[in-house]
Amino acid sequence: MKKVDQQASSGACSTPAGFFMMKKWMVAAGLLAAIKSPAQKQVTVMQQSWLGLVQQVRLSQHWGLLADAQYRTVQHWAEGNNFLLSRLGGTWYSNSQLQLAGGYAYQYLFAQNGTLLRQEHRLWQQAQWTNSWSRARFQQRVRMEERWREQFATSAQKTKSYQYLWRASMQLQLAYPLTKKAAGPGATALLLAEEALFNLGKAVVYNHFDQNRLSAGFQVQVGSQDQLQATYMRIFQQLAAGSHYRQIHCGRIFYTHTIDLRRKS
């Protein structure tokens, strides 16, 4: 059976020097945004769990479909419902290194008492590159999201209006095999990733820097088409008030399943 290019791959630099150069740029941008924020800072520390299921369908040499569902808790790893997110889109495979994708996403954001608080509609577009150097695999993803967030007067009263803003993000990831075989059932790799997210639009006043995500963990190939990722992620997020921040310790488990419908030669 022909192997499928993994959707998660997205590297940008053909050398380690280029990879870490981009990473330094992202960190510097985040720190600069934090420095410009108000001096009085309030930081809330949280522990969350993120669970995700990703389905990829390869239709032809250049076209495919992508769907995923995510669930996140609020605090203490297992307490409360934070939000549910579902995403659907299409992928165009330019070659083995470049993928372009886009689609629609729908999000439920819950209040602390578990009732529905806010809905959000998103359009998203992204470009992904991947390159290899020796046994290491370098990945980069650039994503743009157009977000329509439902507004509310109180936790029990909605305004029936939506706030529009953009969000841009850049993710860099390094995968290094820990087993003799880099691919195939049982192949295990060390994952290191850095992602910076920025808010754009007239509605954004204080938190143009949205958050920074730094993660480390493992990826295991389960069978010929499935992958399991288990990582620890540290998130530093600036809230809309500008002086309020969140430091989130996150356990992240994502399972990816791929179906290849291409004709076999």
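What you are looking at is a predicted structure, and each value in this text was computed from that prediction instead of being measured.

## Thoughts on the packing of aromatic side chains
Then, number 1: Under the definition given, this model contains 6 aromatic pairs.
Then, number 2: Between the aromatic rings of phenylalanine 198 and phenylalanine 209, the centroid separation amounts to 6.2 Å while the plane-to-plane angle is 65 degrees, which identifies the pairing as edge-to-face. In this pair, phenylalanine 198 sits in strand S8 (residues 188-200) while phenylalanine 209 sits in strand S9 (residues 209-222), placing the two residues 11 residues apart along the sequence. Across this residue pair, the class does not change: phenylalanine 198 and phenylalanine 209 are buried.
Then, number 3: On the basis of an interplanar angle of 20 degrees and a centroid distance of 5.1 Å, the ring pair of phenylalanine 236 and tyrosine 245 is categorised as stacked.
Then, number 4: Taking relative accessible area as the criterion, tyrosine 245 reaches 1% and is therefore assigned buried.
Then, number 5: An aromatic cluster of three or more residues is present, and its members are Tyr106, Tyr108 and Phe110.
Then, number 6: The residue whose ring lies beneath arginine 87 is tryptophan 124, and the NZ or CZ to ring-centre distance is 5.8 Å.

## Describing the confidence of the model for the protein
Regions with low pLDDT should not have their predicted coordinates read in detail.
Then, number 1: Per-residue confidence for the protein averages 86 on the pLDDT scale, and 81% of its residues sit at or above 70.
Then, number 2: Across residues 1-14 the pLDDT falls below 50, and counting only partners more than four positions away or on other chains, this stretch makes 65 contacts in the model.
Then, number 3: Contacts from residues 34-38, a stretch scored under 50 in pLDDT, to residues over four places away or in other chains number 7 contacts.

## Structural notes on the nonpolar core
Then, number 1: Counting residues in hydrophobic clusters, the biggest one holds 15 residues, and the most contacted among them are Trp50, Trp124, Met233, Ile235, Ile248 and Cys250.
Then, number 2: Looking at this core, the elements that each hand over two or more residues are strand S1 (42-58), strand S3 (79-93), strand S4 (98-110), strand S10 (226-238) and strand S11 (244-260).
Then, number 3: Aside from chain neighbours lying at most four places away, what touches tryptophan 124 is Leu66, Arg87, Leu88, Gly89, Ala101, Gly102, Gly103, Tyr104, Ala105, Met144, Glu145 and Glu146.

## Quick look at unusual backbone geometry
Then, number 1: Positioned with a positive phi, tryptophan 77 is a non-glycine residue whose angle comes to about 70 degrees.
Then, number 2: With respect to the secondary-structure elements, tryptophan 77 resides in the loop between strand S2 (63-75) and S3.
Then, number 3: Exposure remark for tryptophan 77: the relative accessible area of 40% places this residue in the partly exposed category.
Then, number 4: For serine 134, which is not glycine, the phi torsion reads 60 degrees and is therefore positive.
Then, number 5: Residue position: serine 134 is located in the loop between strand S5 (116-133) and strand S6 (136-154).

What counts and how
- Residues numbered from 1 in each chain as written.
- Predicted model: local features only at pLDDT ≥ 70, side-chain atom pairs only at ≥ 80, totals over all residues.
- Heavy atoms only, no water.
- Phe/Tyr/Trp six-rings, centres within 6.5 Å; stacked < 30°, edge-to-face > 60°.
- Helix = DSSP H or I, 4+ residues; strand = E, 2+ residues; numbered from the N terminus.
- Buried < 20%, exposed > 50% of the residue type's maximum accessible area, 1.4 Å probe, protein only.
- Lys NZ or Arg CZ within 6 Å of the ring centre and 35° of its normal.
- pLDDT = per-residue confidence, 0-100.
- Contact = heavy atoms within 4.5 Å.
- Core = buried A, V, L, I, M, F, W, Y, C linked by side-chain atoms within 4.5 Å.

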